[in-house]
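Residue-level structure breakdown
What follows is each chain in one-letter form.
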Amino acid sequence: KILKMSSSEHVSVSVIVPAHNEQDVIAEAIASVYNDTFPRIELSVYVDGATDNTLQVVRNCIAAHNSTGSKRHQQVQVVVSCTKCFYKRQKQQQEREGQRVSVCDCSNVGEEEKERYSPGGVAFAKNRAIEQCSGDVLCFFDSDDCMLNDRVEHQVALWARFPLSLIGTQFMRLPEGSTERYTRWANNLSDEELLLQRYKDCTVVQPTWMVSRCVFEAVGPYNEACKAEDLEWFYRFLDWYAEKTSTPLPALDRILADSETNNTNSSATICSSCNDAGDVDDGIKRKHNRSSHECEHAIKDDESQSKAPKLNDKNKEISTQQQQQQQ
């Protein structure tokens, strides 16, 4: 099913935005989604027990963009719900079919309602935003981020070539220099480091992810009882990928082309950092200690093929060591 729909020509993308108390930052995040150049975008926002004016800011921002008369803005589909109305609105989903914009009119959670509408957490909010959206591909995005206006277009083009993969990007934190060590680590992982250091942290940074809805559903939703929900899902994805593709080391940071058959699907792996400026053009700009992402993954065929034998030899070496240990 995934391979049949792996064409960027008709694919739709849902941008997943979980939010809690984000009234000061979410307007800029939404604006960057509206300004993305990809033509088939759905914005899915789930407001999780917000006690500030997040919901009203979201409504104002969406109304403002829809009133500009811009053809681009008129193409963006929108679904917004919150803790108060989510399950009721899901039951009414059929009635909402065909509506380009569906935004709840709930008020923020008041003092007397905090216990009844307490936030479910980041994993809970992401799962609800995914449940209510309809896109073929899921694009993850934090409510205090900004993405460059061709991020989705670049990631979808790569996803179309490698539809089983988890597509990530590089990023930049603003203000510049904040979390400098982490930013340098995440953006400069080598092929081997992206694989091995997955035990240290999520080597493909979660707010930059893009993945097929079919793949996400096959792996399963976020674990809502886990505080490190991105890392836990990442590990499950690696297990799923290894099983489906018979790839012993699925978390390599380059997408490799099979040098003998040129069958890119069979050897697709998790995308990585690409330091060639000629291959990089998209991204996200994350506000106050967040980021600006450049697509990490476009690898030239000749580079891919030159790397493949080394990685295959490494796989054989590790496999041999494992057999010796078992003996």
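That block above? That's the structure.
Here goes a summary of the coordinates provided. Computed from a predicted structure; not experimentally measured.

Moving on: the overall build of the chain. Tallying secondary structure elements over the chain gives 12 helices and 9 strands in all. Looking at the chain residue by residue over its 327 residues, the buried ones come to 53%. Considering only contacts within the chain whose residues lie at least 6 apart along the sequence, 77% involve residues at least 24 apart. For the chain, the exposed area adds up to about 15,500 Å²; of that, 46% sits on carbon and sulfur atoms.

Moving on, we get to the pairing of strand E2 (residues 41-47). By the criterion of burial, E2 is predominantly enclosed, with 7 of the 7 residues buried. A two-sided burial pattern is seen for E2, the buried positions comprising Ile-41, Leu-43, Val-45 and Val-47 on one face and Glu-42, Ser-44 and Tyr-46 on the other. Of the strand pairs in this sheet, strand E1 (residues 13-19) and E2 are connected by 7 bridges, and their pairing is parallel. Bridge pairing in E2 links Ala-19 to Val-47. Looking at chain direction, E2 and strand E3 (residues 77-82) are connected through 6 bridges and run parallel. Looking at E3, one finds that Glu-42 is bridged to Gln-77.

Going through the model one piece at a time under the given rule, you end up with 15 aromatic pairs. For the ring pair Phe-140 and Phe-216, a centre distance of 6.2 Å and an interplane angle of 40° mean the geometry is tilted. Taken together, the residues Phe-140 in strand E5 (residues 137-140) and Phe-216 in helix H10 (residues 213-219) connect sequence positions 76 residues apart. Owing to a relative accessible area of 1%, Phe-140 belongs among the buried residues under this scheme. Classification of Phe-216 by relative accessible area gives buried; the value is 5%. Where Phe-216 meets Trp-233, the ring centres are 5.4 Å apart and the plane angle is 20°; that geometry is what we call stacked. A residue pair is termed long-range when its members are at least 10 positions apart, and Phe-216 in helix H10 and Trp-233 in helix H11 (residues 229-245) qualify at 17 residues.

Bringing the nonpolar core into the picture now. Counting 39 residues, the largest nonpolar core has Val-13, Val-15, Leu-43, Val-152 and Met-210 as its most contacted members. Counting residues per element, the ones that place at least two in this core are E1, helix H1 (26-34), E2, helix H2 (54-66), E3, E5 and helix H7 (151-161). In this structure, Met-210 is in contact with Val-13, Val-137, Leu-138, Cys-139, Val-152, Gln-155, Val-156, Ser-165, Leu-166 and Ile-167, ignoring residues within four places of it in sequence. If you look at the next biggest cluster of nonpolar residues, it comprises 34 residues, including Ala-123, Phe-124, Ile-130 and Tyr-241.

Cut-off values and rules
- Residues numbered from 1 in each chain as written.
- Predicted model: local features only at pLDDT ≥ 70, side-chain atom pairs only at ≥ 80, totals over all residues.
- Heavy atoms only, no water.
- Helix = DSSP H or I, 4+ residues; strand = E, 2+ residues; numbered from the N terminus.
- Buried < 20%, exposed > 50% of the residue type's maximum accessible area, 1.4 Å probe, protein only.
- Contact = heavy atoms within 4.5 Å.
- Areas by Shrake-Rupley, 256 points an atom, 1.4 Å probe, with all protein chains shown as cover.
- Pairing = 2+ DSSP bridges.
- Phe/Tyr/Trp six-rings, centres within 6.5 Å; stacked < 30°, edge-to-face > 60°.
- Core = buried A, V, L, I, M, F, W, Y, C linked by side-chain atoms within 4.5 Å.

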